Amino acid sequence: MTEATDRAIDLDHEALGPFVEGVRLWSKMIATASPDLRSKIFNNCIAEGAGFVRHGAPRGLVAAELIERAERHKLVEALGGHEAVEKIVAEGLTYAGVRQTPNVQENGGDQPPRPEPLAMLDVAAWDGTEVPQRNWAVRDRIIRRAVTLLSGEGGVGKSILTLQLACAHVLARDWFGSLPESGSAIYLDAEDDEPELHFRLDAIRAHLGVTFKELHEGGLHLVPLAGKDALLGVPDRAGIVQPTALFEKLLVTATNIKPVLIVLNSAADLFAGNENSRSEVRQFVGLLRRLAIASGAAVLLTSHPSLSGLSTDSGLSGSTAWNNSVRSRLFFKAADSDDDARSDQRELIVRKNNYGPSGETIRMVWRNGLFVPVSAPSTIERAVAERKVEDLFMGLLARFSHEGRKVSDKTGTNYAPAKFAAEPEAKAGKCSKEALADAMRRLFTADKIKVREDGPPSHRRSRLVIVGGVS
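First, a word on scope: everything that follows refers to the structure included in this document. All of these numbers come straight from a predicted model, not from anything done at the bench. (Residues numbered from 1 in each chain as written. Predicted model: local features only at pLDDT ≥ 70, side-chain atom pairs only at ≥ 80, totals over all residues. Heavy atoms only, no water.)

### Quick word on the packing of aromatic side chains
And then number 1: With the rule as written, the count across this model stands at eight aromatic pairs.
And then number 2: Measuring from ring centre to ring centre gives 6.5 Å for Phe 284 and Trp 322, while their planes differ by 75°; the resulting arrangement is edge-to-face. With a gap of 38 residues between them, Phe 284 in helix α11 (residues 278–295) and Trp 322 in helix α13 (residues 321–325) connect regions that are remote in the sequence.
And then number 3: According to the relative accessible area criterion, Phe 284 is buried, its value standing at 0%.
And then number 4: Ring pairing ties together the aromatic residues Phe 271, Phe 284 and Trp 322, which thus form one cluster.
And then number 5: Against the face of Phe 212 rests Arg 205, its NZ or CZ located 5.4 Å from the ring centre.
And then number 6: In this structure, Arg 405 is placed above the aromatic ring of Phe 400, and the distance from its NZ or CZ to the ring centre is 3.9 Å. (Phe/Tyr/Trp six-rings, centres within 6.5 Å; stacked < 30°, edge-to-face > 60°. Helix = DSSP H or I, 4+ residues; strand = E, 2+ residues; numbered from the N terminus. Buried < 20%, exposed > 50% of the residue type's maximum accessible area, 1.4 Å probe, protein only. Lys NZ or Arg CZ within 6 Å of the ring centre and 35° of its normal.)

Shown next as structure tokens:
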């Protein structure tokens, strides 16, 4: 370390302790790195040094130590000389968010300049101008220039689903009832290698009746990174998430291509921070938002829910910042069913949508290596199915009334749909509480059931009865 650093440590050891450890680590990192990587490691040291300045270390000392690292490890010539090194350090600190102001003791008492005022929009200029429309990648599901999170249990099929979406964009094809915006797509996959992507894409290609060449010419760009360093954001010692060299490459590529969609698969491989840290998660999502804004694309990040997220059906994991920081969030899950033969069915649920409706459920089924929409029943088939549930509801209500068991149309301990769904007849017919609730509403409308009140005026009780039936 420099003599200036030694003197400063004597004055304020508590504030500079982490910085001292950081300086020692810099030397070790640069010394042990291969010669072709030392310049990159040095740039990472500059970014980390900026964090120390923000936490109280004198900027001049940080700069001096960085320059000494460059001299000691023979990086000066490789970086273009002493003046170039000093400029790289100064610009690196500024880029990382450290405002360089004159030091009062070093420049004879000069006062730091006053900060610039905030730049504000002139909303009056909007009068008479056309209001911009929402820029959707997939209407009401995935917005452009923002980050969307797609969570789902491992093995549920997120990779196939997102690969199908990328193909739909480049070919201008339907994607489960919606027509995605046509354009190119980048698919960065840190989980699967090239042979696996080849295998999966062949099933999609065959289903769509196109060639690999047509997908390529349409603008499908695959980036397999399985087994490689796929990190896009790494927190430094100060907890500041820094973009990696791979992120910068992706940013340049996406800015040049201007894709409609960028798929990033998956968060566990791309984010080196703590998924439970609100600050780090929010910074990482902010980094991806920067990518989305610069390229104009919708960034679709996949993730895996926690056990709690699966049990509660929320699809979440880690900090609430994952949900709060993204503009929309989708949850991909196996469809609820007691029938093992139907375990190939899936549901894509819009859990959050800042710019459109939420709650939509898109149903699909696994067929021949990809997902296809579940066929909607005809009007006649739907009427027959509804009549079947209504008959079941009426039969159970009649039995409950005969047994003296009162049920209600109000949610609670005696809620009729919940009570009926637990009966053997409902289980045998795979009739859910929701289906029974829909049937109850239809029966009310058809005037086949009603609410009857009993008891004294001071303690009235209500119950469901069949119209014209024996009470």
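Structure shown, so let's carry the discussion forward.
### Some remarks on the environment of Asp 269
And then number 1: Position of Asp 269 relative to the elements: it lies in helix α10 (residues 267–270).
And then number 2: Owing to a relative accessible area of 32%, Asp 269 belongs among the partly exposed residues under this scheme.
And then number 3: C-alpha of Asp 269 to C-alpha of Asp 229: the two residues are 40 residues apart in sequence and 8.4 Å apart in space.
And then number 4: Every residue in contact with Asp 269, bar those within four places of it in the chain, is listed here: Ala 190, Glu 191, Ala 230 and Leu 231. (Contact = heavy atoms within 4.5 Å.)

### A look at the pairing of strand β3 (residues 146–152)
And then number 1: Taking burial as the measure, the seven residues of β3 include seven buried ones, the bulk of the element.
And then number 2: Pairing analysis gives six bridges linking β3 to strand β9 (residues 298–303), with the strands arranged parallel. Pairing of Ala 146 across the sheet is with Ala 298, part of β9.
And then number 3: Strand direction decides the pairing type here: β3 and strand β10 (residues 328–334), joined by five bridges, are parallel. (Pairing = 2+ DSSP bridges.)

### Concerning the side chain of Glu 65
And then number 1: Relative to the assigned elements, Glu 65 resides in helix α4 (residues 59–72).
And then number 2: For Glu 65, a relative accessible area of 0% gives the class buried.
And then number 3: At 2.5 Å, the side chain of Glu 65 and the side chain of Arg 69 are in polar contact. (Polar contact = N/O pair within 3.5 Å; in protein donor to acceptor, adjacent residues only side chain to side chain.)

### Details of the nonpolar core
And then number 1: Counting 37 residues, the largest nonpolar core has Leu 161 and Leu 348 as its most contacted members.
And then number 2: Looking at this core, the element that brings in the most residues is helix α6 (residues 158–171), giving nine residues. (Core = buried A, V, L, I, M, F, W, Y, C linked by side-chain atoms within 4.5 Å.)

### Looking at the side chain of Arg 463
And then number 1: Along the chain, Arg 463 turns up in strand β15 (residues 461–466).
And then number 2: For Arg 463, the side chain forms a polar contact with the side chain of Asp 454, separated by 2.6 Å.

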